[in-house]
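Close look at the chain arrangement
Take a look at the letters that make up each chain.
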Amino acid sequence: MENQLTPNNSMILEIRELLENARKNVNDDSLKMIDLFCGAGGLSLGFTQEGFVTTLANDIQDCCVDTYAHNHPETPRDHIILGNIKDVVNELDELLDGRSADIVIGGPPCQGFSMANRQRLIDDPRNHLYKSYVEAVKKVQPKFFVMENVKGMQSVAEQEKE
C-alpha cells in the first residue's frame, strides 16, 4: 500500500496549529449554543458562520461525533459528547462545567413521525427522544431554542393521546 497516507510529524504539527488558531479566533463575547442530536454539525454550522460558539454538542453515533469535531475545529473535543441523550440531560450541569448557553439547537430523530416514512410507527422508540430535548431546554433556560421537526410530528403526538 504505497499510496496510503501516513501522517508525519510536520503534518501533525500543522493540524495542531490549525486547531489552535481556530480556537484562538473564538470571541469570549460570542453567543453560546448547545447542539443536541448534532449529527455531522450541519445545523450548527450556520450558527457558527454567524458567530455562535458550541459550548456542548451531543450525538449517540461515534461517526457523527468524529465528523462534528472535523466540521467544528473551533470546538474543543471534550465539549463534543458521545452518548445517550438521556444521560447527557441527566449530567448536563457537570458536562457544561459552568459554561452557559444562549441557544439550544437540535434535530431529534424524526423517522417515526415523518410523512415520508411509509412504515412509520406510533410506538417507534425514537418518537420519545424529543422529550429529552425539551428537558434540556427546561434545564438550561436559554434565550432561544431551535428544534428541527417534520410535518407528521404533531399528528403522531395526537394519535398517542388517544
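Notes on the structure follow. Fair warning: this is a prediction, and the values are worked out from it, not measured in the lab.

Scoring rules and cut-offs
- Residues numbered from 1 in each chain as written.
- Predicted model: local features only at pLDDT ≥ 70, side-chain atom pairs only at ≥ 80, totals over all residues.
- Heavy atoms only, no water.
- Helix = DSSP H or I, 4+ residues; strand = E, 2+ residues; numbered from the N terminus.
- Buried < 20%, exposed > 50% of the residue type's maximum accessible area, 1.4 Å probe, protein only.
- Contact = heavy atoms within 4.5 Å.
- Areas by Shrake-Rupley, 256 points an atom, 1.4 Å probe, with all protein chains shown as cover.
- Core = buried A, V, L, I, M, F, W, Y, C linked by side-chain atoms within 4.5 Å.
- Disulfide = S-S within 2.5 Å.
- Patch = residues over 30% accessible without salt bridge, like charges linked within 9 Å, V, L, I, M, F, W, Y side chains within 5 Å.
- Salt bridge = Lys/Arg side-chain N within 4 Å of Asp/Glu carboxyl O.
- Lys, Arg positive; Asp, Glu negative; His and termini not counted.
- Charge placed at Lys NZ, Arg CZ, Asp CG, Glu CD.
- Pairing = 2+ DSSP bridges.
- Axes fitted to C-alpha atoms, helices over the stretch in contact; angles between N-to-C directions.

**Quick notes on the overall build of the chain**
When helices and strands are counted, the chain shows seven helices and five strands. Going residue by residue from the N terminus, the α and β elements of the chain occur as α-β-α-β-α-β-α-α-β-α-β-α. Put simply, the chain has 162 residues, and 37% of those count as buried. In the chain, the proportion of contacts linking residues at least 24 apart, taken out of those at least 6 apart, comes to 64%. Surface accessibility of the chain: about 10600 Å² in total, with carbon and sulfur atoms responsible for 50%.

**Some words on the environment of Lys139**
Relative to the assigned elements, Lys139 resides in helix H6 (residues 130–140). The exposure class of Lys139 is partly exposed, given its relative accessible area of 39%. Sequence separation of Lys139 and Leu92 is 47 residues, and the distance between their C-alpha atoms is 8.2 Å. With residues up to four places along the chain from it excluded, the contact list for Lys139 reads Val89, Asn90 and Leu92.

**As for the nonpolar core**
Judged by nonpolar contacts, the single largest core of 17 residues is most densely connected at Ile34, Leu36, Leu56, Leu92, Val104 and Val140. Looking at this core, the elements that each hand over two or more residues are strand E1 (32–36), helix H4 (85–90), helix H5 (92–96) and H6. Looking at this core element by element, the count peaks at four residues for H6. Not counting residues up to four positions away in its chain, the partners in contact with Val104 are Ile34, Leu36, Tyr133, Val137, Val140, Pro142, Phe144, Phe145 and Val146.

**What to know about the state of the cysteines**
Such a bond, covalent and formed between the sulfur atoms of two cysteines, is termed a disulfide. Overall, the coordinates contain zero disulfides when judged by the stated rule. Between Cys38, a cysteine without a disulfide, and Cys64, which holds the nearest cysteine sulfur, the sulfur-to-sulfur distance is 6.8 Å. Judged by its relative accessible area of 7%, Cys38 is buried. Left unpaired, Cys64 is separated from the closest cysteine sulfur, that of Cys63, by 4.3 Å.

**Some remarks on a negative patch on the surface**
Side chains of Asp87, Glu91, Asp93 and Glu94 sit close together on the surface and give a patch of like negative charge. Relative to the helices and strands, Glu91 resides in the loop between H4 and H5.

**So, the pairing of strand E4 (residues 103–106)**
Burial along E4 is two-sided: Ile103 and Ile105 facing one way and Val104 and Gly106 facing the other are all buried. In terms of strand pairing, E1 meets E4 through four bridges, oriented parallel. Following the sheet pairing, Ile34 is matched in E4 by Val104. Across four bridges, E4 lies against strand E5 (residues 144–147) in parallel orientation. Paired with Ile105 across the bridge in E5 is Val146.

**Looking at the sheet that holds E5**
Spatial strand order, E3-E2-E1-E4-E5: five strands in an open sheet with parallel pairing. Whereas interior strands pair on both sides, the edge strands pair on one side only; in this sheet they are strand E3 (80–82) and E5. Strand after strand, the sheet turns through a mean of 10 degrees between neighbouring axes, direction not considered. Across five bridges, the pairing between E1 and strand E2 (residues 53–59) is parallel. Across the sheet, Met33 pairs through a bridge with Thr54, a residue of E2. Set on the sheet, helix H2 (residues 42–49) makes contact with E1, E4 and E5; between it and E4 the angle comes to about 145 degrees. Running over the sheet, helix H3 (residues 62–71) touches E1, E2 and E3 and is turned about 170 degrees from E3.

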